[in-house]
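Below, each chain spelled out in residue letters.
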Amino acid sequence: MRLLLNILWFVLAGIWLAIGYAIAALICFILIITIPFGIAALRIGLFALWPFGKTIVRRADAGAASAIGNVIWFVLCGWWLAIGHLVSGVLLCLTIIGSPWDSRTSS
């Protein structure tokens, strides 16, 4: 089942989101000081590409430096990646809701 869900996700949204994370990683690599953010973007991009069957583990030792890093990430790349996730989610919801109506009106 996970394989089927991953393939469906890959085709409908995963590839586009992963490309967005790859672009974010490239931006972070160019800015040199943000290379650790680029590595993290690639890691998150792999999760966005093939998500089912993976788990996220929250680190308990993340402190103030992590919070500052999150703000920097949001300013550099996070806001437009969040918009990409939002648009993908809305389009996926429209497809699921709209499919039954399309088949009823065409007959």
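Model, not experiment: these values are computed from the prediction.

Enquirer: Where do I start with the side chain of N6 in this structure?
Expert: Mapped onto the secondary structure, N6 falls in helix α1 (residues 2–30). Those residues in contact with N6 that lie beyond four places of it in its chain are W50, P51 and F52.

Enquirer: Can you walk me through the nonpolar core in this structure?
Expert: Across soluble globular proteins, you tend to see nonpolar side chains buried next to one another. Residues A13, L17, Y21, A24, A25, C28, A41, A48, W73, C77 and L81 constitute the largest nonpolar core, which totals 11 residues. Taken together, the elements giving at least two residues each to this core come down to α1, α2 (35–49) and α3 (64–105). Broken down by element, the residue count for this core peaks at 6 residues, all from α1.

Enquirer: Got a minute to help me understand the layout of surface pockets in this structure?
Expert: Gaps left between atoms are located by rolling a probe of water-molecule size over the structure's atoms. As a volume, the largest pocket reaches approximately 1,100 Å³. Together, 26 residues line the largest pocket, and A40, R43, I44, S66 and N70 are the ones closest to its centre. Among the elements of the structure, α1, α2 and α3 are those that each provide at least two residues to the lining of the largest pocket. For the lining of the largest pocket, the element with the most residues is α2, which contributes 9 residues.

Enquirer: For this particular structure, what's the right way to read a nonpolar patch on the surface?
Expert: Taken together, V71, F74, V75, W79, I83, L86, V87, V90, L91 and L94 make up a surface patch of nonpolar side chains, about 1,000 Å² in accessible area. Looking at the element boundaries, V75 is found in helix α3.

Enquirer: What exactly am I supposed to notice about the packing of aromatic side chains here?
Expert: For any pair of aromatic rings, the description consists of the separation of the ring centres together with the inter-plane angle of the planes. Counting across every chain of the model gives 1 aromatic pair. Between F10 and W50, the ring centres sit 6.3 Å apart and the planes meet at 65°, which makes this aromatic pair edge-to-face. Here W50 lies in the loop between α2 and α3 and F10 lies in helix α1, a separation of 40 residues in the sequence. The class for F10 is partly exposed, based on a relative accessible area of 30%. The class for W50 is partly exposed, based on a relative accessible area of 33%.

Rules of the game
Residues numbered from 1 in each chain as written. Predicted model: local features only at pLDDT ≥ 70, side-chain atom pairs only at ≥ 80, totals over all residues. Heavy atoms only, no water. Helix = DSSP H or I, 4+ residues; strand = E, 2+ residues; numbered from the N terminus. Contact = heavy atoms within 4.5 Å. Core = buried A, V, L, I, M, F, W, Y, C linked by side-chain atoms within 4.5 Å. Buried < 20%, exposed > 50% of the residue type's maximum accessible area, 1.4 Å probe, protein only. 1 Å grid on protein atoms, 1.4 Å probe; cavity = no way out; pocket = protein on both sides within 12 Å on 5 of 7 lines; lining within 4 Å. Points joined across faces, edges and corners; volume = space filled by probe spheres on them. Patch = residues over 30% accessible without salt bridge, like charges linked within 9 Å, V, L, I, M, F, W, Y side chains within 5 Å. Areas by Shrake-Rupley, 256 points an atom, 1.4 Å probe, with all protein chains shown as cover. Salt bridge = Lys/Arg side-chain N within 4 Å of Asp/Glu carboxyl O. Phe/Tyr/Trp six-rings, centres within 6.5 Å; stacked < 30°, edge-to-face > 60°.

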